Amino acid sequence: MSKAPLLVVSGPSGVGKSTVVREVLTLLPNAWLSVSATTRAPRDGEVDAHDYFFVSDSQFDALIESGGLLEWATYAGNRYGTPLAPVNEHRINGQPVILEIEVQGARQVRLSAPDAILAFIQPPSWEVLEERLRGRGTEAPDSLDRRLEIAASEMAAAAEFDAVVTNATVRSCAEDLIALVAGPEFSG
Ligand code: ADP
Ligand code: 5GP
């Protein structure tokens, strides 16, 4: 029996990945969003095991060594990775799985799960990306500059993806993502 789809959602920080994926989960309640492990410190309001598994460097090392991660990458000085087992379990149960990850991780998924569908979210313009990232108000000035620097190189990777979707409005972007994965058997 074939597994449910694996959708990788990538794109520069601040483009609206989390916001759009939340909308996808509302429109496609059967889908399951993977919870990543990270060595980054929690932001105000972030909850362990819900937003991320917040782990120490040595815990992250152990995850890598045990083969527990589908992919992982270093981003802006912290490590992030996708726990492998729950991705497989949910797909086998018939639930489309969504990974919200940066570009290096998406490349690894392409190699280790060739049936994955890779979507890149781009902003309507560079100015809008800057406004969104600043407007979110979560980053100190040095982290903001670093994220914009990484964003410039991430934007150059868009052509490697199966689909490039512009986040002009949250709803239309979510619908574009759903169209990539959802046959009638996966809606609702
Ligand atoms: P990411 O997960 O890619 O880092 P977020 O989902 O945190 O990005 O979005 C960054 C900011 O942009 C948030 O303040 C969010 O509310 C806003 N945003 C996201 N999508 C849109 C949109 N289509 N139009 C306007 N603002 C948006
Ligand atoms: P943030 O610190 O803003 O939560 O995330 C920073 C970047 O790491 C974002 O581009 C986010 O999509 C990405 N990210 C989150 N989880 C993972 C993961 O498990 N693997 C990879 N490769 N990137 C991730």
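Anything mentioned here points back to the structure above.
Quick caveat, the model's predicted, so the values are computed rather than measured.

K.L.:
Which residues make up the site of ligand 1, and what values go with them?
P.N.:
By nearness alone, 15 residues border ligand 1, and Gly14, Lys17, Thr19, Arg136 and Asn167 come closest of all. Asparagine 167 places a side-chain nitrogen or oxygen 2.9 Å from a nitrogen atom of ligand 1. For ligand 1, whose unbound accessible area comes to 570 Å², protein coverage reaches 74%. Those elements that place two or more of their residues in the shell around ligand 1 are α1 (17–27) and α5 (126–136). Sorting elements by how many residues they give to the shell around ligand 1 places α1 first, with three residues. Partitioning the shell around ligand 1 into residue classes produces four nonpolar, seven polar and four charged.

K.L.:
Give me the lowdown on the environment of valine 21, citing residues and values where you can.
P.N.:
By secondary structure assignment, the location of valine 21 is in helix α1. Overall, the relative accessible area of 1% leaves valine 21 in the buried class. Distance from valine 21 to glutamate 100, taken between C-alpha atoms, is 7.9 Å for residues 79 residues apart in sequence. When neighbours within four sequence positions are excluded, valine 21 is seen to be in contact with Val9, Leu33, Ile98 and Glu100.

K.L.:
Give me the sheet that holds strand β5 (residues 69–75): which residues, what numbers.
P.N.:
Pairing within the open sheet is mixed, and its four strands lie in the order β4-β3-β6-β5. Two strands lie at the open edges of the sheet, namely β4 (53–54) and β5, each paired on one side alone. Relative to strand β6 (residues 78–83), β5 runs antiparallel, the two sharing six bridges. Across the sheet, residue glutamate 71 finds its bridge partner in β6, namely threonine 82. Packing of helix α2 (residues 57–65) onto the sheet brings it into contact with β3 (37–38), β5 and β6, and relative to β6 it is tilted by some 40°.

What counts as what
- Residues numbered from 1 in each chain as written.
- Chains lettered and ligands numbered in written order.
- Predicted model: local features only at pLDDT ≥ 70, side-chain atom pairs only at ≥ 80, totals over all residues.
- Heavy atoms only, no water.
- Near = heavy atom within 4 Å.
- Polar contact = N/O pair within 3.5 Å; in protein donor to acceptor, adjacent residues only side chain to side chain.
- Areas by Shrake-Rupley, 256 points an atom, 1.4 Å probe, with all protein chains shown as cover.
- Helix = DSSP H or I, 4+ residues; strand = E, 2+ residues; numbered from the N terminus.
- Nonpolar A, V, L, I, M, F, W, Y, C, P; charged D, E, K, R; others polar.
- Buried < 20%, exposed > 50% of the residue type's maximum accessible area, 1.4 Å probe, protein only.
- Contact = heavy atoms within 4.5 Å.
- Pairing = 2+ DSSP bridges.
- Axes fitted to C-alpha atoms, helices over the stretch in contact; angles between N-to-C directions.

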